[in-house]
Amino acid sequence: MKKFLVILLVFIPIISFSQNRYSISGTVKDINSHELLFGANVYLKENLHGSATDDKGKYIFEELGGTYTLVCSYLGYEEYSQTINLNKNLKINIDLIPISVSIESVEIKATREDRNVQSTQVGAIELEMKRVETIPVIFGETDVLKTIQLLPGIQSGGEGSNTFYVRGGGSDQNLITIDGATVYNPSHAAGFFSIFNADVINTAEIYKGGLAPEYGGRMSSVLNITTLDGDKERYKAKLGIGLLSSHVQAEGPIQKSSSSFMLAARRTYADIIMKPFVKGTDFEGIGCYFYDLNGKLSFRLSKKDNLYVTGYYGKDLLRFSSDSKSYGYDMNWSNGIGTIRWNHFFNNNLTMNVSANISDYILNMDAGEDAYSISMFSGIRDYGSSADLTWQVDSLHKLKFGVSYTHHTFKPSALEASSVDTDFDLGDAKNLYANDVAAFIQHEWDVSSWLKILYGIRYNYFAHIGPFTRYEIDNIYDFNNLDSTVYKRGETVYPYHLWEPRINARFQLDKTKSIKASYTINRQCVNLLAMSEMALPTDVWFPATEYIKPQLAHQVSLGYFQNFLDNALETSVEVYYKKMYNLLELNPDAHVTNAMKSNSDYIFVTGEGQSYGIEFFANKTVGKFTGWVGYTLSWTTRNFDAIMDGKTFYARYDRRHDVSILLNYELNDKWNFSTVWVFASGNASTIPNSFYFINGNIIIEYGEHNAWRMPNYHRLDLSANWKVKETRKLVCNLNFSIYNTYSRKNPYFISYSASNDSDTGVMQMKAYQISIFPILPSIAFNIQFK
């Protein structure tokens, strides 16, 4: 308690209030949809003093008494202006009118025009879905995860994949949330589509450095997705029809002005389209499709209280069966997410959010051939709750406090196998349980006109709990259990007390230039075990235990930010260094199948890693011709005592050069054109050096770990958007896209084949590259009912 009081005293400076200063506060929202607008710029025209709205659409700042012109600006809306006499505290709620001319320019920026220069955040970008819908994508399906892969410092997991890596961290080091609930598998169709339907997304924010204390649980990045609340005044609908999927969305009032609904559904019909093409081939009997459902209810309970209920469910099915074949498989995986959030305004300066959520990810797989069969089940389920308070002390000080609790149930794997009349004993399913408690406090302080800091600390108590049986084993190959200790339900098996101090600082050079710096400590107690180099749903999650220590990262970031052409052109250069500890890899000597009969955490080894690089970004956001250029130069290495005797090796997703260019041109009110070109150095990989036989069995001898490079990757995409018809009630659009325009054969993975010369007895091995996507044109038709 004494330590906590000391922290509070450090964080909350003595603040003096001037008697002739008054506050201006309120909310900013869309006049038609009543959607609260995040990042709107509210300021006084005479001295440009003001504030940007937060994620609840709120703003507040103070000024000396007098007569001023209050201005509110937000991209895509008409500017608001009002003369005010500031002789008392004022509350002014602002309704913004959308600009009637369609703005189709692609944009990826914070909505306040100079926020990238003014804010303390390093490596933070907001994606507006209205601006990314014109980006050419695979099969014509707008995808927020593929969009963020075009940003510097964020690398794609491979051809068509939604997996991404941020500044040298693994894919499990990215926290992805939808309305506050954690998403553990954000992909459909093994990564070719994301679970995020563009029709329901309001905002998407990605933080790749300088994480504020309010964010925890991951080491590399945070991707926050918020969904639309639904229009409380009138009914609307959208319908989209593509080559492989269709989607529908509807929203409107339940009780006008006080409550609303939003519903959306999406389904692919790849299984139907494929049938006539695979009939009579070896692929006859294959089926693959997914569907997802989104829903949200919003209630304005009073002037100070709002309630939001969000639900999501999505499922993938991949199966193969045929009467003429003696083998088949059936794989399905699903995500279920639910949240309920209560937002309460105590006054203009103090806001509270209380929420509860559930997140459930499940994988089932059955496969068989002739007399053999195998079944696999894994998953993870979270029950969570949280509460936070945001206190705008005055125009210079903003405090935020919060606590959260999550109960984790990990289902790493359950295997069943049989052959003819024999059942293989792979052990019973062993769920793992954990309690996850966190608390944070952060202070955003305008120290002076040139210095602004955001600093704070996060505390995390993570405990592996029972029921659990800890086995003492003889070795990591046989896994014979010699002794055991049994823990009862809820009993603590092994606890961790973790502290994460963080600080961000912005040094304002002038109105258009700033330097930002950050230092953060991030810890992670949940870990993803990748079973293959591709982003497959067979990857499983493990908690921190006595033998799996929490991952730890120290990251330092430094950036120079400058805007040109009256904030129409944003530029930045960022350098970073990240040191990571307790990274996980499979022990190359462990017998994974035998471990099913004991404790699975024995099969891991831990090591260290480091990543460093420099990122360049230039983003033009205004005018008929818009777009951005991003370039990253980076290095990512690993050290594991159990791999290559501790010798340093490159991580699989180490990528020396990463380039993305996106250009957009608005020809007129009817036509908009976009192009994307990407280039990436080849990923590191481990390949065989030699093959030989011993007692009739083929033995493969591999080279150094990740010492070989895949071929470079590059691709050009094109798209055109045609507004076919627009009336007061209806808008119809056609999207034409070409993915991989010059049909580059990019590497997906490397396969090997063996051939034996019966005369000489010499066996030859050949490597060949597997590529999956040639040139892919697509068309999508979208209708919006206003």
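Computed from a prediction, not measured in an experiment: that's the story for all the values here.

### Looking at the overall build of the protein chain
- Looking only at helices and strands, one finds 6 helices and 51 strands in the protein chain.
- Within the span of the protein chain, comprising 786 residues, buried residues form 52% of the whole.
- Across the protein chain, contacts joining residues at least 24 apart in sequence account for 64% of those joining residues at least 6 apart.
- Accessible surface computed for the protein chain: about 34500 Å², of which carbon and sulfur atoms make up 57%.

### A look at the sheet that holds strand 2 (residues 41-44)
- If you walk across this open sheet you meet the 4 strands as 3-2-5-6, and the pairing is antiparallel. Of all the strands in the sheet, the pair left with one neighbour each is strand 3 (50-52) and strand 6 (80-86). Averaged over all pairs of adjacent strands, the angle between strand axes in this sheet comes to 15 degrees, irrespective of strand direction.
- Summarising the sheet, strand 5 (residues 66-73) and strand 6 pair through 7 bridges and their orientation is antiparallel. Looking across to strand 6, one finds that Leu70 is bridged to Gln82.

### Some remarks on a nonpolar patch on the surface
- A cluster of nonpolar residues, Trp450, Phe507, Leu509, Ile515, Leu558, Tyr560 and Val575, forms a patch on the protein surface that exposes about 590 Å² of accessible area.
- Elements with a contribution of two residues or more to the nonpolar patch: strand 32 (492-510) and strand 36 (551-564).
- The residue Tyr560 is located in strand 36 in this model.
- Under the relative-accessibility criterion, Tyr560 is labelled partly exposed at 31%.

### Things to note about the nonpolar core
- Counting 40 residues, the largest nonpolar core has Val144, Ile148, Leu151, Phe196 and Ile225 as its most contacted members.
- In this structure, Met365, Leu498, Ala595 and Phe604 belong to the second largest nonpolar core, which totals 32 residues.

### Comments concerning the environment of Gly57
- Within the secondary structure, Gly57 is located in the loop between strand 3 and strand 4 (58-64).
- Between the alpha carbons of Gly57 and Val28 there is a distance of 5.4 Å; along the sequence they are 29 residues apart.
- Dropping the residues within four chain positions of it, Gly57 is found in contact with Gly26, Thr27, Val28, Leu36 and Leu37.

### Quick look at the packing of aromatic side chains
- Throughout the structure, instances matching the rule amount to 23 aromatic pairs.
- For the ring pair Tyr184 and Trp541, a centre distance of 5.1 Å and an interplane angle of 75 degrees mean the geometry is edge-to-face. One end of the pair, Tyr184, is in the loop between strand 13 (181-182) and strand 14 (187-188); the other, Trp541, is in strand 35 (residues 540-543), with 357 residues separating them in the sequence. Here the two residues Tyr184 and Trp541 agree in accessibility, since each one is buried.
- With a centroid separation of 6.3 Å and an interplanar angle of 25 degrees, the aromatic rings of Trp450 and Phe507 are classed as stacked. With Trp450 in the loop between strand 28 (432-446) and strand 29 (451-465) and Phe507 in strand 32, the pair connects residues that are 57 residues apart, well separated along the chain.
- A residue is classified by how much of its surface remains accessible, and Trp450, at 44% relative accessible area, is partly exposed.
- Of the aromatic side chains, those joined through ring pairs into one cluster are Tyr577, Tyr612 and Trp635.
- For Arg709, the ring lying beneath its charged end belongs to Tyr650, and the centroid distance is 5.1 Å.

### Digging into the pattern of salt bridges
- According to the stated counting rule, one finds 23 salt bridges in the structure shown.
- Glu615 is the salt-bridge partner of Arg167, the closest N and O atoms lying 2.9 Å from each other. Note that Arg167 is positioned in the loop between strand 11 (164-166) and strand 12 (174-178) and Glu615 in strand 38 (residues 604-620), a separation of 448 residues in sequence. Comparing Arg167 with Glu615 shows no difference in burial state: the two are buried.
- With a shortest N-O distance of 3.5 Å, Glu726 and Lys786 are connected by a salt bridge. Here Glu726 is found in strand 47 (residues 713-726), whereas its partner Lys786 is found in the segment after strand 51 (776-785), with 60 residues between them in sequence.
- When its relative accessible area of 41% is taken as the criterion, Glu726 is described as partly exposed.

### A few points about the environment of Phe320
- Mapped onto the elements, Phe320 comes out in strand 22 (residues 305-320).
- Put simply, Phe320 and Cys288 are 32 residues apart on the chain and 8.8 Å apart in space, counted from C-alpha to C-alpha.

### Observations concerning the environment of Trp671
- Of note, Trp671 is situated in strand 42 (residues 671-680).
- Along the sequence, Trp671 and Asn721 sit 50 residues apart, while their C-alpha atoms lie 5.7 Å from each other.
- If we ignore the near neighbours within four places in the chain, the residues touching Trp671 are Tyr665, Glu666, Ala720, Asn721, Trp722 and Phe736.

### Considering unusual backbone geometry
- The amide bond that connects Gly466 to the next residue, Pro467, takes the cis arrangement and shows omega of 10 degrees.
- You can see Pro467 is positioned in the loop between strand 29 and strand 30 (468-473).
- For Leu565, which is not glycine, the phi dihedral falls at a positive 55 degrees.
- Considering the arrangement of structural elements, one finds Leu565 in the loop between strand 36 and strand 37 (569-586).
- Assessed through its relative accessible area of 62%, Leu565 is described here as exposed.

### Here we look at the pairing of strand 19 (residues 245-255)
- Where strand 18 (residues 236-241) lies against strand 19, 6 bridges are found, and the strand directions are antiparallel. Looking across to strand 19, one finds that Leu239 is bridged to Val248.
- In sequence, strand 18 turns back onto strand 19 through a hairpin of 3 residues.
- Counting the residues that bridge the hairpin from strand 19 to strand 20 (residues 259-268) gives 3 residues, and of these Ser257 lies at a positive phi of roughly 75 degrees.

### What about the side chain of Thr637?
- Counting through the fold element by element, Thr637 comes out in strand 39 (residues 625-640).
- Ignoring sequence-local partners within four residues, the contact set of Thr637 consists of Glu608, Gly609, Gln610, Thr648, Phe649, Tyr650 and Ala651.

### Digging into the confidence of the model for the protein chain
- Per-residue pLDDT for the protein chain averages 84, and the proportion of residues at 70 or more is 86%.
- The low-confidence segment residues 1-19 (pLDDT under 50) makes 20 contacts with residues lying over four places distant or belonging to another chain.
- For the stretch residues 101-111, pLDDT sits under 50, and the model shows 50 contacts to residues farther than four places along the chain or on other chains.

Reading the values: the criteria
The written sequence of each chain sets the order in which its residues are numbered from 1. This being a predicted model, a pLDDT of at least 70 is required before a residue's local features are given, and a value of 80 or more before pairs of side-chain atoms are given or counted; all residues contribute to the totals for chains, interfaces and linings. Note that water and hydrogens are dropped before the side-chain values are worked out from all heavy atoms of the structure. Each helix is a run of H or I in the DSSP string that is no shorter than four residues. Each strand is a run of E no shorter than two, and both are numbered from the N terminus. Think of it in three bands: residues with accessible area under 20% of the maximum for their type are buried, residues over 50% are exposed, and the middle band is partly exposed, with areas taken using a 1.4 Å probe on protein chains only. Only heavy atoms enter the contact rule, under which two residues are in contact if any of them lie within 4.5 Å. Each accessible area is a Shrake-Rupley result for a 1.4 Å probe, and residues are judged covered by the shown protein chains and nothing else. Two strands are counted as paired when DSSP detects at least two bridges linking them. Only the contacting stretch of a helix is used when fitting its axis, a line to C-alpha atoms as for every element, and angles between N-to-C directions run 0 to 180 degrees. Each patch is built from salt-bridge-free residues with over 30% relative accessible area, joining like charges within 9 Å and nonpolar side chains (Val, Leu, Ile, Met, Phe, Trp, Tyr) within 5 Å. By salt bridge we mean one thing: a side-chain nitrogen of Lys or Arg within 4 Å of a carboxyl oxygen of Asp or Glu. As used in this record, nonpolar core signifies buried Ala, Val, Leu, Ile, Met, Phe, Trp, Tyr and Cys residues forming a set joined through side-chain atoms within 4.5 Å. Aromatic contacts are taken between Phe, Tyr and Trp rings whose centres are within 6.5 Å, Trp giving its six-membered ring; a plane angle under 30 degrees counts as stacked, one over 60 as edge-to-face, and the others as tilted. To sit over a ring, a charge needs its Lys NZ or Arg CZ within 6 Å of the ring centre and within 35 degrees of the ring normal. Confidence scores per residue from the predictor, reported as pLDDT, run from 0 to 100.

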